[in-house]
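As a plain string of letters, each chain reads:
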Amino acid sequence: MSDDLTEAQSAAIPPGYAQLNWTRGFGRQIGPLYERADGPGEATLGFRVEEHHTNGLGNCHGGMLMSFADMAWGRIISLQKSYSWVTVRLMTDFLSGAQLGEFVEGRGELLAQEDLVFTVRGRIWTGERTLMTGTGIFKALSPRKPRPGEIAFREEA
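Worth saying up front: this structure is predicted, and the values here are computed from it rather than measured.

Asks: Would you mind showing me how to read the environment of K81 here?
Replies: In this structure, K81 sits in helix 2 (residues 62-81). For K81, a relative accessible area of 34% gives the class partly exposed. Apart from residues no more than four positions distant in its own chain, K81 is found in contact with I76, L110, Q113 and F118.

Asks: Is there a simple way to explain the pattern of salt bridges in this structure?
Replies: Applying the stated criterion to the full structure yields eight salt bridges. Residue R36 is joined to D38 by a salt bridge in which the shortest nitrogen-to-oxygen separation is 2.7 Å. Classification of D38 by relative accessible area gives partly exposed; the value is 31%. Of the charged contacts in the structure, one is a salt bridge between R107 and E42, with a shortest N-O distance of 2.3 Å. Placement of R107 in strand 5 (residues 103-114) and of E42 in strand 3 (residues 42-48) is noted, with a sequence separation of 65 residues between them. By relative accessible area, E42 is classed as partly exposed at 25%. Look at the salt bridges and you will find they share partners, linking R36, D38, E42, E105 and R107 into a network.

Quick notes on the rules
- Residues numbered from 1 in each chain as written.
- Predicted model: local features only at pLDDT ≥ 70, side-chain atom pairs only at ≥ 80, totals over all residues.
- Heavy atoms only, no water.
- Helix = DSSP H or I, 4+ residues; strand = E, 2+ residues; numbered from the N terminus.
- Buried < 20%, exposed > 50% of the residue type's maximum accessible area, 1.4 Å probe, protein only.
- Contact = heavy atoms within 4.5 Å.
- Salt bridge = Lys/Arg side-chain N within 4 Å of Asp/Glu carboxyl O.

In structure tokens:
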């Protein structure tokens, strides 16, 4: 994948969003991905549906939506707990499709924590249309140094 942004990638992104600095691995391959801070420990992730996200019908591929849901819903654990985590289970319901050029958004809500296992409810949407809803079970691996946007982050003097 090229480091150059395509015309679609450089199209107007909704206000408040900044590109995530995911320059390696899977996040780089499916990106660019964006994040909007919604308050302490709260954020919405987003991406614009581009050609490399589509299926044979020209809609956003379900696998892309699942991958995005995994990241958008699990992100709440990083933001609120400053843990590295893995996905144990992701249960989703597909309700609608996203078209080429649409901006897709998603976020999770932390419902429960038992030891280091987190239950998250999530939603993926574009505009006023819900694309997916579901629940994720995530396992925290280890605490890490808090990053900007996370509740525990403190500016160093």
